[in-house]
Amino acid sequence: MHALSSLLLLGAYATQAVFGRPEDLHARREAAIIKRSVDSFIQTQTPISWERLLCNIGSDGCRAQGAASGVVVASPSKSNPDYWYTWTRDAALVLKGIAEAFTHDYNTTLQRQVQNFVGSQAKLQGVSNPVGDLSNGAGLGEVKFYVDLTKFTGEWGRPQRDGPPLRAIAMMTYARWLINNGYTSTARDIVWPVIKNDLTYTAQYWNQTGFDLWEEVQGSSFFTITASHRALIEGAVLAQSLGTSCTACSTVAPRILCFVQSFWNQNQGYVVSNINGGNYRNGRDANSLLASIHNFDAAVGCDANTFQPCSDKALSNHKSVVDSFRSIYTINRGIAQGHAVAVGRYSEDVYYNGNPWYLTTLAAAEQLYDSLIVWKQQGSITVTSLSLAFFRDLVPSVTTGTFSSSSSTYTAIINAVQTYADEFLAIIDSRKLPNGALPEQFDRNTGTPIAASDLTWSYSAFLTATARRAGKVPPSWSAATGNTLPNNCAAVAVAGTYATATNTNFPTSQTPGVPSSTTTGSTPTPTGCSEVLVTFNERASTQWGQNIKLVGNHPALGNWNPSNGILLSAAGYTSSDPLWSISVLLPAGQSIEYKYVNVQSDGSVRWESDPNRQFTVPSTCNEVVRGDNWR
Ligand SMILES: *[C@@H]1O[C@H](CO)[C@@H](O)[C@H](O)[C@H]1NC(C)=O
Ligand SMILES: *[C@@H]1O[C@H](CO)[C@@H](O)[C@H](O)[C@H]1NC(C)=O
């Protein structure tokens, strides 16, 4: 008896000597402490975050008096800084989170918020503003509005092209819920017309520059471009399940996916967040962390083309972006590699002296929780030479390879990533206000909460990160139908038509139900070639300030009215080849008459000489290219 127990004791020591080196035991104990404290933080902070988030939404939110119904106020702060506006991007991301939460747990309060949002955005789409109006969609690129839904005319970094795709994504989440619960006609008649304007905008304007999500760089932003791709893929699938089609979506999306790849810096292993502008920065930016988490689709695994959170590219980028903040903030000093630090927007930031933000630190956590969901779902983790450095920070002995869930390496990685993610949340815990309020930033030197109070997006970021930690998978956006690169990567922008959505009265009592029989299990039928992509290339030498438009005998061509005509893009214009170009989807078999007009900077219009140009749209699926010279 005595001998046996000392043998067991000896065995225990022996085991500990091999597998349980003192530092491992220490790390495991630390991890358990962090987990417990983050568990309890989440339990307290979740109801606070919901309450304070909903307080910022009109018309009855407790801090949103004066805001119209369904309007998400960025922050109740009216001075230093004045955020008493509704930003299309912020509002869309907040509603995306609400719609997801609603999809997981039916809740009438959240349903009413989503419905109010759809109604408010239908109105907002029709508000003409400094960027333009709805006639050619340009006005949808406006950045922010007053909370009573009137236009803001002050100077700003305009346009910002992430608003429309993100808003479409938020509304599509609700549209799919409606379809899945037997309310397809509501999705089609009320929500789709609002979504459609945003998708049309995305297909038409994605290949033009605009300001990034931080409103500072004019160029092409990774966050905007990945959101554009997602919206069009999701839109094509949703259109089919509503018995309609979005040909522009399916035509354009693959070309955007090509462009998405060009932000990748292979030598450095990170995404250059702004290209076609912003070259004075090193490119590492929380822009790319946000792009990754907002395009998460667990059904497509660790796909790198769509920059899934657990793809080797996105993990390498995660390390690169997080590391870029290690040495620059005083509050991050002394924290070892492989442990979480406070994350800001980008290292050159000077806004409020450049600080960590709650929502960017939370994004770093969320990407890791997303990855854990997929690894557990697929029962393995693949470490490539690209992601090796990310993994080595956490598990120094790891090598490249695929580790199945039965291996000790898999377990070591899962535990280490979980703890690493929890550490980012522990930072939020330590930097929140005592009452749980989350403003925009915390001071880089002292950690004190600063800048806009009660930032709606901060609460939303907390709620989505912790939902992922709890294993809540966001609804799929059908990434698997659109993650292969096409053979033809030439940019194509498709001009479309826009209409104010007028029907925004949702029927009452739309409780969970079953899909209506017409949609149950029905596979969407291919739309064939009812519409054909026609590219108009016009060579016309123009002066600065002049624009070339296309007008013709079809609504898509403005019905001969130059103010509704389609603006051509001068992206390919050079002095030796004065090319203006645009693509339009036109009905197969349609007989088309058209002309180009030159719109002078004072708005006056010069028409081409007679006769009208004419052709018939073929009834085949082949794209048509018209080559014209100004006359
Ligand atoms: C709906 O969810 C919100 C946020 O979690 C919560 O505050 C509210 O009590 C819920 N309402 C209902 C009716 O369940
Ligand atoms: C337009 O797309 C092409 C092809 O992907 C790309 O090279 C170009 O930089 C894009 N420009 C803008 C402004 O998006």
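Residues numbered from 1 in each chain as written. Chains lettered and ligands numbered in written order. Predicted model: local features only at pLDDT ≥ 70, side-chain atom pairs only at ≥ 80, totals over all residues. Heavy atoms only, no water.

1. Considerations on the site of ligand 1
Then step 1. Neighbouring ligand 1 are Trp50, Asn107, Thr108 and Thr109.
Then step 2. In the environment of ligand 1, a nitrogen atom lies 3.4 Å from a nitrogen or oxygen atom belonging to the side chain of Thr109.
Then step 3. Considering only residue class, the shell around ligand 1 consists of one nonpolar, three polar and no charged. (Near = heavy atom within 4 Å. Polar contact = N/O pair within 3.5 Å; in protein donor to acceptor, adjacent residues only side chain to side chain. Nonpolar A, V, L, I, M, F, W, Y, C, P; charged D, E, K, R; others polar.)

2. Re the pattern of salt bridges
Then step 1. With the rule as written, the count across this model stands at 32 salt bridges.
Then step 2. With a closest N to O distance of 2.8 Å, Arg539 and Asp577 form a salt bridge. Of this pair, Arg539 sits in strand β13 (residues 531-539) while Asp577 sits in the loop between β15 (566-567) and β16 (579-587), placing them 38 residues apart in sequence.
Then step 3. On the accessibility criterion, Arg539 (29% relative accessible area) is partly exposed.
Then step 4. When its relative accessible area of 28% is taken as the criterion, Asp577 is described as partly exposed. (Salt bridge = Lys/Arg side-chain N within 4 Å of Asp/Glu carboxyl O. Helix = DSSP H or I, 4+ residues; strand = E, 2+ residues; numbered from the N terminus. Buried < 20%, exposed > 50% of the residue type's maximum accessible area, 1.4 Å probe, protein only.)

3. Observations regarding the nonpolar core
Then step 1. Ranked by size, the top nonpolar core spans 147 residues in total, and within it Val191 and Ile195 carry the most contacts.
Then step 2. A total of twelve residues in this core trace back to one element, the largest contributor, which is helix α11 (residues 358-378).
Then step 3. Split by domain, this core shows at least three residues from each of two domains, domain 1 (1-54 + 296-476) and domain 2 (65-262 + 483-525). (Core = buried A, V, L, I, M, F, W, Y, C linked by side-chain atoms within 4.5 Å. Domains from an automatic or database assignment.)

4. Topic: the state of the cysteines
Then step 1. Summed over the entire model, instances satisfying the criterion amount to four disulfides.
Then step 2. Shown here is the disulfide that connects Cys55 with Cys62, its sulfur atoms set 1.8 Å apart. Here Cys55 and Cys62 share a disulfide; its torsion about the S-S bond, 100°, makes the bridge right-handed.
Then step 3. We classify Cys62 as partly exposed; its relative accessible area is 41%.
Then step 4. Note that Cys258 is cross-linked by a disulfide to Cys489, the S-S spacing being 2.0 Å. Its S-S torsion of approximately -70° makes the covalent link between Cys258 and Cys489 left-handed. In this pair, Cys258 is assigned in helix α8 (residues 247-261) and Cys489 in the loop between α14 (456-469) and β12 (494-495), connecting sequence segments 231 residues apart.
Then step 5. Judged by relative accessible area, Cys258 falls into the buried class, the value being 12%.
Then step 6. For Cys489, a relative accessible area of 40% puts it in the partly exposed group. (Disulfide = S-S within 2.5 Å.)

5. Comments concerning the packing of helix α3 (residues 88-104) against helix α5 (residues 163-180)
Each packed pair of helices is defined by two parameters, the angle between the axes and the distance between the axes.
Then step 1. Two numbers describe how α3 lies on α5: the axes approach to 8 Å, and their chain directions differ by 20°. Accordingly, the angle class assigned to the pair α3 and α5 is roughly parallel. For the crossing formed where α3 meets α5, the hand is left-handed. Counted together, Thr88, Arg89, Ala92, Leu93, Leu95, Lys96, Ala99, Glu100, Phe102 and Thr103 of α3 and Gly163, Leu166, Arg167, Ile169, Ala170, Thr173, Tyr174 and Trp177 of α5 form the full contact between these two elements.
Then step 2. Across the contact of α3 with α5, the residue classes break down as ten nonpolar, four polar and four charged. (Axes fitted to C-alpha atoms, helices over the stretch in contact; angles between N-to-C directions. Parallel < 35°, antiparallel > 145°, perpendicular 65-115°, else oblique. Left-handed = near helix turned anticlockwise from the far one by under 90°. Contact = heavy atoms within 4.5 Å.)

6. Re the domain arrangement of the chain
Then step 1. As assigned here, the chain comprises domain 1 (1-54 + 296-476), domain 2 (65-262 + 483-525) and domain 3 (531-629).
Then step 2. The straight-line distance from the C-alpha centre of domain 1 to that of domain 3 is 52 Å.

7. As for the site of ligand 2
Then step 1. Residues in contact with ligand 2, as listed here, are Trp206, Asn207, Gln208, Thr209, Ser220, Phe259, Asn276 and Ala491.
Then step 2. With respect to ligand 2, the side chain of Asn207 contributes an N or O atom lying 2.4 Å from an oxygen atom.
Then step 3. Within the contact set of ligand 2, an oxygen atom lies 3.1 Å away from a side-chain nitrogen or oxygen of Asn276.
Then step 4. Contact with the protein chains hides 69% of the accessible area of ligand 2, taken as 360 Å² for the molecule alone.
Then step 5. Within the shell around ligand 2, the residues separate by chemical class into three nonpolar, five polar and no charged. (Areas by Shrake-Rupley, 256 points an atom, 1.4 Å probe, with all protein chains shown as cover.)

8. Focus: the sheet that holds β12
Then step 1. Within the open sheet, the four strands sit side by side as β12-β16-β13-β20. Their pairing is mixed. At either end of the open sheet lies a strand with only one pairing partner, and these are β12 and β20 (624-629).
Then step 2. Here β12 pairs with β16 via two bridges, running parallel. Bridged to Ala495 within β16 is Val584.
Then step 3. Lying on the sheet, α8 is in contact with β12, β13 and β16; it crosses β16 at an angle near 140°. (Pairing = 2+ DSSP bridges.)

9. Here's the deal with the sheet that holds strand β7 (residues 274-275)
Then step 1. Spatial strand order, β3-β4-β7: three strands in an open sheet with antiparallel pairing. Lying at the two open borders of the sheet, with one neighbouring strand each, are β3 (210-211) and β7.
Then step 2. Taken together, the two bridges between strand β4 (residues 218-221) and β7 define a ladder with antiparallel strand orientation. By the bridge assignment for β7, Ser221 is matched with Asn274.

10. Section: the packing of aromatic side chains
Then step 1. Within this structure, the stated rule accounts for 34 aromatic pairs.
Then step 2. Ring pairs connect the aromatic residues Tyr83, Tyr85, Trp87, Tyr146, Phe152 and Trp156, which therefore count as one cluster.
Then step 3. Taking the ring centre of Trp84 as reference, the NZ or CZ of Lys78 above it sits at 4.2 Å. (Phe/Tyr/Trp six-rings, centres within 6.5 Å; stacked < 30°, edge-to-face > 60°. Lys NZ or Arg CZ within 6 Å of the ring centre and 35° of its normal.)

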